[in-house]
Amino acid sequence: MTIAIDRRQFLKASAAVGGGLALEFSLPVAAAPAKGLPPTEVNAWVVIHPDDRVVIRIARSEMGQGTLTALAQLVAEELDADWMKVTTEFASPNEHIRRKRIWGSMSTGGSQGVRSSQDYVRKGGATAREMLVAAAAAQWKVPAAECKAEKGVITHGASRRRVRYGQVAAAAAKLEPPKDVKLRDPKDWKIAGKPVRRLDIPDKVVGKPVFGVDVDLPGMLHASIFQSPVFGGKVKSVDAAAAEKMRGVKKIVREADFVAVVADNWWRANQAVKALKVEWDEGANGKFSDETILAMFREGLADPRLPEAKKVGDAATAMAGAAKVIEAEYASPYLNHATMEPMTCTAWIKPDGFVEVWTSTQNAEASMAAAAETAGVPLEKVEVHKMMLGGGFGRRGAPQDYVKQGVLIAKQVPGVPVKMMWSREEDMRHGYYRPASLVRMKAGLDAQGNCVAFEAKIACPSILALLRPEAIQKGIDFSAVRTLNDMPYTIANQKVDYAMRNGHVPVGFWRAPGLQNAVYRECFIDELAQAAGKDPLEYRLAMLKPGDKNRLVLEAAAKHAGWGTPLPAGVFRGIAMSDGFGSFTAGVAEVSVNPAGELKIHRFVMAIDSGHVVNPDTCAAQAEGNAAYCIGMLYQANTVKEGRMVEGNFDTFQIPGMTEMPKVETVLVPTGGFWGGHGEPGALSFMPAVLNAVHAATGKRVRTLPLKPGELKKA
Amino acid sequence: MIKLTVNGRVHNVDVEPDMPLLWVLRDQLKLMGTKYGCGIAQCGACTVHVDGEPVTSCRAKVGDMVGRKILTIEGLGKPGLHRIQKAWIEHEVPQCGYCQSGMMMAAVALLAKKPKPTDADIDEAMTNLCRCGSYPRVRKAIHAAAGQLSSATAAKKA
Ligand code: FES
Ligand code: FES
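Since the structure is predicted, the reported quantities are computational estimates derived from the model, not experimental observations. (Residues numbered from 1 in each chain as written. Chains lettered and ligands numbered in written order. Predicted model: local features only at pLDDT ≥ 70, side-chain atom pairs only at ≥ 80, totals over all residues. Heavy atoms only, no water.)

1. A short note on the sheet that holds strand E4 (residues 53-56) of chain B
Hydrogen bonding along the main chain pairs the strands of a sheet, whether they run parallel or antiparallel.
Residues and elements named next belong to chain B.
For step 1, the next point in the chain: Strand order in the open sheet formed by 5 strands is E2-E1-E5-E3-E4, and the pairing between neighbours is mixed. Of all the strands in the sheet, the pair left with one neighbour each is strand E2 (9-13) and E4. In this sheet, neighbouring strand axes are inclined to one another by 40° on average, regardless of whether the strands run parallel or antiparallel.
For step 2, the next point in the chain: As judged from the 2 bridges shared by strand E1 (residues 2-6) and strand E5 (residues 69-71), these two strands associate in the parallel manner. Across the sheet, Val6 pairs through a bridge with Ile70, a residue of E5.
For step 3, the next point in the chain: Strands strand E3 (47-50), E4 and E5 of the sheet are contacted by helix H3 (residues 100-113), whose axis makes an angle of about 40° with E3. (Pairing = 2+ DSSP bridges. Helix = DSSP H or I, 4+ residues; strand = E, 2+ residues; numbered from the N terminus. Axes fitted to C-alpha atoms, helices over the stretch in contact; angles between N-to-C directions. Contact = heavy atoms within 4.5 Å.)

Next comes the structure, spelled out in structure tokens:
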């Protein structure tokens, strides 16, 4: 079962719904497939059908961020394809391994989808184009240089001959690929750089089964799982007497740290899981709570021998000589990714030992490795079918816990495919959470209010320690210290120390890992501007070198938002900036707070310089999505009690809704020459801009998230 | 056997009467467009129409559905696409898309009651949750489907 994106049925999306849209191009209208004639793989990225349909292979995952379409645009651009004939398919991870990782990285995180593969996917398209042109030229016995490719047609000007890609693809595939291909200057782009319609949307509006949870195979069974409520706990005993008798139940699975029920539909499996009486060996973790975690962070901040994440100048001496010293402590809780689609994995251990897995994954190779290891087979004996993700945000990349569980369960019913899906409660209580943290910052200002010394101590669990320990350098996890140890601000004396305090809660990459530091830093800079009696925009600009791209986006956001111009009564602005994930961003928020303390975010202007822009509309959508994702930080927290997560569903871990959404205006200011991401950078400046606006509105500094009830109420 | 009418077709399903409609649709009838998000009537991912009303199918017992007309995303706008689906494509509403079946079902129900909904009407009716933050586009697409976006505003806002 491969899930190819099928857009054939969507002829031109009707203009009757409003017309006059900024989006370019209609959705492709592919010709009916010619019967019997096989397509040709011109190279790993480009497959061409005799009827000219072009299938572009996509190695990265699609979780709504638009990477699938952007990558297809880049290949199609260099290929000079007719965009209306382009479709996509995910490259097979099994074939990837067998062909010596021909599709490069399959990992989709860190806003890397486009920026870390653009070079080789564009070369893939350009190489295929040259081969097609060469094949046509050979057929006509003319020099290739006299031929031109455009929209899937090759022409020879002098003789006015023309041939379609579909007619020469088979011959082209037999040619030696050119060694060096020249890539197009982005200023000449015709398909890339344009707001073409996303290729995955038509299937998604008719409810086609494209997600991991939608997998359906003949004879498939369903599984629901229950994991140790205390992280790290083990199963001690299971009383399955009641569950076994329940309708549809096929198998009770007991593993070291979870139990599961396999049944003929998911609801029955889940009902039976709830009927299991499980005794857990909770180990030592049952004693931990938010209080013990905070105490651990405090102990970390007090540790005199912390590794340094940054040291320039002499912060201590400069601080001692400062006219004014400002000090503040900021804190955040653990946060679940809360993808709308819960963790899910369908696994099938076939009679010949081959393992097939269908899953929503941000990293197909990691899923493959997890499945192979769990099943005890080599990678070559595993196939992972990449499904559309119902949200990823970092949850489905490095941790492949759900794939391991899916395969473990399938091993108990060999020969039968089993679809395991977590309940929302499992998903909420068994995340790889955005780390909680406590950060103390201190700044020394001179008599004019200029910041001459900056110190930060960061107590935060390390994501790398859990998921990629080899990446830790000298005790520093870059994702825990970034934004504080790599400030663009020209402060002469800086010292940043990192207290790695890991605790027992699993942590992971959560949209814009390290994001909390951007919140702390940019709110603290606002405090410094206030102490200096200066405008927060001017204060920042004075600390940025001329030509710094942070300056450019800060100025662009301020200009677009009308910084300094009058606002309606009761509405206040806040500003923030942060680079990250290859891009530079700045944001201006407009908020109001009523006397009851209710906060309304009216507008958010986000300026971003990502170097190049492949699809402006999906970039804007990412800005909107980042804002929505971050609003939740105002009230979300996963609280720890007796070693376990308290919140179990959206009633206690609330997801921002329609009424909370501000007007989001995205200002794209690409300066060219580099490739930055879009999936995460938009998250960086949202919350600090909002909190700085809250201060402007109320005079209150919010330094600990989430907000406490009544915190913004007028005293 | 429970007799169900879904998207104009009659099905006989052999399930417990207290099984939620959501799971009958997904696992028995293989209509996978309707999604599970929370199971506690919080997110709206499972929204379908029962006799024209939007209902969170995760909390609707299948035993209570006998004799009622159920419409899911798969049955919407047949033949072809409903104007909401067209507007959703036109305005590139979905990101991951997981919540969108429920969103569209809620939007269609809203338009049936209020053909020209105001922003306040949309706020009130569209309580579905979207982790990807498609809200501004949901709003715009509803207005567009209601014929309330002039080309000029559509172009400006896009
Ligand atoms: S699954 Fe029914 S409302 Fe969330
Ligand atoms: S589009 Fe992803 S949850 Fe709504």
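Next comes the rest of the write-up.
2. Some thoughts on the confidence of the model for chain B
For step 1, the next point in the chain: Averaged over every residue, the pLDDT of chain B is 94; the share at 70 or more is 94%.
For step 2, the next point in the chain: The low-confidence segment residues 151-158 of chain B, where pLDDT is below 50, has 13 contacts with residues more than four positions distant or belonging to other chains. (pLDDT = per-residue confidence, 0-100.)

3. Examining the side chain of Asn517(A)
Residues and elements named next belong to chain A.
For step 1, the next point in the chain: You can see Asn517 is positioned in helix H15 (residues 515-532).
For step 2, the next point in the chain: Engagement of the side chain of Asn517 in a polar contact is seen with the backbone oxygen of Arg482, the distance being 3.0 Å.
For step 3, the next point in the chain: When residues no more than four places from it in sequence are discounted, the contact partners of Asn517 are Val439, Ala480, Val481, Arg482, Thr483 and Leu484. (Polar contact = N/O pair within 3.5 Å; in protein donor to acceptor, adjacent residues only side chain to side chain.)

4. A few points about the interface of chain A and chain B
For an interface, size is often stated in terms of accessible area lost upon the parts coming together.
For step 1, the next point in the chain: In this complex, chain A contributes 71 residues to the contact, which on the side of chain B involves 60 residues.
For step 2, the next point in the chain: Counting each side, the surface lost to burial between chain A and chain B is near 5,400 Å², with a carbon and sulfur contribution of 59%.
For step 3, the next point in the chain: Here chain A and chain B share 9 salt bridges between them.
For step 4, the next point in the chain: Asp216(A) is the partner of Lys30(B) in a salt bridge, and the nearest nitrogen-oxygen pair spans 3.1 Å.
For step 5, the next point in the chain: Those elements that place two or more of their residues in the side of chain A that touches chain B are helix H5 (201-205), helix H7 (266-275), strand E18 (418-421), helix H12 (424-429) and helix H18 (616-631) of chain A.
For step 6, the next point in the chain: Split by residue class, the side of chain A that touches chain B holds 37 nonpolar, 19 polar and 15 charged. (Buried area = accessible area lost by both parts, 1.4 Å probe. Salt bridge = Lys/Arg side-chain N within 4 Å of Asp/Glu carboxyl O. Nonpolar A, V, L, I, M, F, W, Y, C, P; charged D, E, K, R; others polar.)

5. What about the domain arrangement of chain B?
Residues and elements named next belong to chain B.
For step 1, the next point in the chain: According to the domain assignment, chain B consists of domain 1 (2-75) and domain 2 (83-145).
For step 2, the next point in the chain: Each of domain 1 and domain 2 has a C-alpha centre, and these two points are 20 Å apart.
For step 3, the next point in the chain: Carbon and sulfur atoms supply 62% of the area that domain 1 and domain 2 bury against each other, a total of about 1,100 Å² over both sides.
For step 4, the next point in the chain: When the buried area of domain 1 at its contact with domain 2 is split by residue, Thr47, His49 and Ile73 rank highest and sum to 40% of it.
For step 5, the next point in the chain: Where domain 1 touches domain 2, the interface holds 1 salt bridge. (Domains from an automatic or database assignment.)

6. Observations concerning the pattern of salt bridges
Pairing of side chains with opposite charge becomes possible as their charged atoms draw close.
Residues and elements named next belong to chain A.
For step 1, the next point in the chain: If you walk through the whole model with that rule in mind, you get 58 salt bridges over all chains.
For step 2, the next point in the chain: The closest approach of N and O atoms between Arg540 and Asp526, which form a salt bridge, is 3.9 Å. In this pair, Arg540 sits in helix H16 (residues 536-541) while Asp526 sits in helix H15, placing the two residues 14 residues apart along the sequence.
For step 3, the next point in the chain: On the basis of relative accessible area, Arg540 is assigned to the buried category, the value being 0%.
For step 4, the next point in the chain: Accessibility expressed as a relative area gives 7% for Asp526, which makes it buried.
For step 5, the next point in the chain: In this structure, Arg603 engages Glu590 in a salt bridge whose closest nitrogen and oxygen atoms are separated by 2.8 Å. Pair noted here: Arg603 is in strand E24 (residues 599-609) and Glu590 is in strand E23 (residues 583-593), with a separation of 13 residues, a long-range link. Assigned by exposure class, Arg603 and Glu590 land together as buried.
For step 6, the next point in the chain: One network of salt bridges, with partners in common, ties together Glu77, Glu78, Asp80, Arg129, Glu130, Arg184 and Lys190. (Buried < 20%, exposed > 50% of the residue type's maximum accessible area, 1.4 Å probe, protein only.)

7. Things to note about the domain arrangement of chain A
Residues and elements named next belong to chain A.
For step 1, the next point in the chain: When its domains are assigned, chain A resolves into domain 1 (7-204), domain 2 (214-283 + 343-421) and domain 3 (290-334 + 433-698).
For step 2, the next point in the chain: Here the C-alpha centre of domain 2 lies 37 Å away from the C-alpha centre of domain 1.
For step 3, the next point in the chain: Listed per partner, the contact involves 23 residues of domain 1 and 19 residues of domain 2.
For step 4, the next point in the chain: Of the roughly 1,500 Å² buried between domain 1 and domain 2 on both sides combined, carbon and sulfur atoms contribute 57%.
For step 5, the next point in the chain: Ranking the residues of domain 1 by area buried against domain 2 places Met63, Pro93 and Asn94 at the top, with a combined share of 35%.
For step 6, the next point in the chain: Counting the contacts that link domain 1 with domain 2 gives 1 salt bridge.
For step 7, the next point in the chain: Linking Glu365 and Arg101 is a salt bridge whose minimum nitrogen-to-oxygen distance equals 2.8 Å.
For step 8, the next point in the chain: Taken together, domain 1 and domain 2 are joined by 11 residue pairs in polar contact (both at pLDDT 80 or more).
For step 9, the next point in the chain: With 5 residues, helix H2 (residues 93-98) is the single largest residue contributor to the side of domain 1 that touches domain 2.
For step 10, the next point in the chain: Looking at the side of domain 1 that touches domain 2 residue by residue, the class counts come to 9 nonpolar, 8 polar and 6 charged.

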